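Residue-level structural notes
Chain by chain, the residues:
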Amino acid sequence: MSRTVNILILGGTTEAAQLAVAAAADPRYCVTTSLAGRTRAPAPLPGLRIGGFGGVGGLLRFLHESATKCVIDATHPFAAQISAQASKACTAANLPRLVLQRPPWAAVAGDRWASAATIAGAAKLLRPEWRRVFLSTGRKELGPFAGKPNVWFLVRIVDGFVSDLGLANSGVIVGRGPFELAQERTLLSNLRIASLIVKNSGGAGTYAKLTAARELGLPVVMVERPPAVLGERVESTGEALRWLDRIHKSLAGLRTPASVRPK
Ligand SMILES: NC(=O)c1ccc[n+]([C@@H]2O[C@H](COP(=O)([O-])OP(=O)(O)OC[C@H]3O[C@@H](n4cnc5c(N)ncnc54)[C@H](OP(=O)(O)O)[C@@H]3O)[C@@H](O)[C@H]2O)c1
């Protein structure tokens, strides 16, 4: 019987990509990396498949047809729907599931952060004197900012997929992290940004804007993460690889024919 374990990595993050590359280099694993298809030209990844599964039922079908033995949910902390669906599908299929999620950022001395539970809540915290705001929340959920004609929003997106963001007054920049401090400082200064609206994504790749905001004394509205899905979780790819190793050992143990098992 083959010793290769089929694993599904739900991706869309740096950590998912790192994990996929590291796991695919190990002959014990056959990796499928799944992306939703939000970016037009994603970087090549091992076993890449693109597009939604079609809800919990579709994911269950995929898990069955691909003979997947375990799932690592390494999606973005704000991708709550796919995480909930993965949890339900793995429970129904009785498959081990691990959540790989980087820790959130925490304010340090000098930060001027206000916390919002949701993007809509963040929009309510906008102050009239903030005429130029860096909306660093991606292109999803811009609706709450649509009725703000007196504010110019700078929106950064990963690619040029969307032409109309539905904002009265906005500028768009296209950029994929990681972003350097000097670059973020220049961006905020040159565009005379008065405040930032940021999702608490965590990670080093997009942290520089927060350092730049601190240096420039700019207020930040920090949108906190949605409630985390239940289940075993780790914060690093190294820990996820150790989990995979344990899963592989337990599956290999299960597969050992009774006649060769140690008595
Ligand atoms: N939300 C963010 O701020 C953010 C930021 C950076 C990267 N991302 C990444 O972008 C992707 C989409 O995020 P989202 O917030 O739109 O997700 P979401 O709201 O949780 O999911 C919406 C739907 O997109 C599909 N989907 C999401 N992630 C998928 C994946 N990795 N593989 C296959 N299908 C997936 C699923 O469709 P079906 O129901 O049809 O299966 C899901 O129901 C995720 O991979 C996430 O890691 C998100």
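Residues numbered from 1 in each chain as written. Predicted model: local features only at pLDDT ≥ 70, side-chain atom pairs only at ≥ 80, totals over all residues. Heavy atoms only, no water.

**Topic: the confidence of the model for the protein chain**
With 94% of its residues at a pLDDT of 70 or more, the protein chain has an overall mean of 93. Across residues 256-263, confidence stays below pLDDT 50; counting only partners more than four residues off in sequence or on other chains, it has four contacts. (pLDDT = per-residue confidence, 0-100. Contact = heavy atoms within 4.5 Å.)

**Some remarks on the sheet that holds strand β12 (residues 233-234)**
As summarised here, the arrangement of the six strands in space is β3-β2-β1-β4-β5-β12, forming an open sheet in which the pairing is parallel. Only two strands of the sheet have a single partner each, and these edge strands are β3 (48-50) and β12. (Pairing = 2+ DSSP bridges. Helix = DSSP H or I, 4+ residues; strand = E, 2+ residues; numbered from the N terminus.)

**A word on the site of the ligand**
Contacts to the ligand come from 22 residues, most closely from Gly-11, Ser-34, Phe-53, His-76 and Lys-199. Here Gly-54 contributes a backbone N or O atom positioned 2.9 Å from an oxygen atom of the ligand. When isolated, the ligand has an accessible area of 810 Å², and the protein chains bury 82% of it. Listing elements by their share of the shell around the ligand, those giving two or more residues are β2 (29-35) and α3 (80-93). Ranked by the residues each element gives to the shell around the ligand, the list is headed by α3, at four residues. Among the residues making up the shell around the ligand, the classes are represented as seven nonpolar, 11 polar and four charged. (Near = heavy atom within 4 Å. Polar contact = N/O pair within 3.5 Å; in protein donor to acceptor, adjacent residues only side chain to side chain. Areas by Shrake-Rupley, 256 points an atom, 1.4 Å probe, with all protein chains shown as cover. Nonpolar A, V, L, I, M, F, W, Y, C, P; charged D, E, K, R; others polar.)

**Quick look at the sheet that holds strand β6 (residues 112-116)**
Spatially, the six strands line up as an open sheet ordered β6-β11-β10-β7-β8-β9, and their pairing is parallel. The strands lining the two open edges of the sheet, one partner per strand, are β6 and β9 (170-174). Neighbour to neighbour, the strand axes of the sheet diverge by 20 degrees on average, direction disregarded. In terms of strand pairing, strand β7 (residues 132-136) meets strand β8 (residues 152-157) through four bridges, oriented parallel. Paired with Arg-132 across the two strands is Trp-152, which belongs to β8. Lying on the sheet, helix α5 (residues 181-190) is in contact with β7, β8, β9 and β10 (195-199); it crosses β8 at an angle near 155 degrees. Sitting on the sheet, helix α6 (residues 208-216) touches β6, β7, β8, β10 and β11 (219-223), and the angle it makes with β10 is about 150 degrees. (Axes fitted to C-alpha atoms, helices over the stretch in contact; angles between N-to-C directions.)

**A word on the pattern of salt bridges**
Overall, the coordinates contain nine salt bridges when judged by the stated rule. Between Glu-15 and Arg-102 there is a salt bridge; the shortest N-O distance is 3.1 Å. A residue pair is termed long-range when its members are at least 10 positions apart, and Glu-15 in helix α1 (residues 14-24) and Arg-102 in the loop between β5 (97-100) and β6 qualify at 87 residues. Since its relative accessible area comes to 15%, Glu-15 is described here as buried. Taking the shortest distance from any N to any O, the salt bridge between Glu-232 and Arg-246 comes out at 3.7 Å. Separated by 14 residues along the polypeptide, Glu-232 in the loop between β11 and β12 and Arg-246 in helix α7 (residues 237-255) bring together distant segments of the chain. Owing to a relative accessible area of 41%, Glu-232 belongs among the partly exposed residues under this scheme. (Salt bridge = Lys/Arg side-chain N within 4 Å of Asp/Glu carboxyl O. Buried < 20%, exposed > 50% of the residue type's maximum accessible area, 1.4 Å probe, protein only.)

**Description of the domain arrangement of the protein chain**
According to the domain assignment, the protein chain contains domain 1 (5-103 + 227-260) and domain 2 (112-223). Between domain 1 and domain 2, the C-alpha centre-to-centre distance is 31 Å. In this complex, domain 1 contributes 10 residues to the contact, which on the side of domain 2 involves 12 residues. Around 900 Å² of area is buried between domain 1 and domain 2 when both sides are counted, 49% of it from carbon and sulfur atoms. Three residues, Arg-38, Arg-40 and Phe-78, lead the burial of domain 1 against domain 2; their summed loss comes to 53% of the area buried on that side. Connecting domain 1 to domain 2 are zero salt bridges. Put simply, domain 1 and domain 2 have five residue pairs in polar contact (both at pLDDT 80 or more) between them. Counted by class, the side of domain 1 that touches domain 2 contains four nonpolar, three polar and three charged residues. (Domains from an automatic or database assignment. Buried area = accessible area lost by both parts, 1.4 Å probe.)

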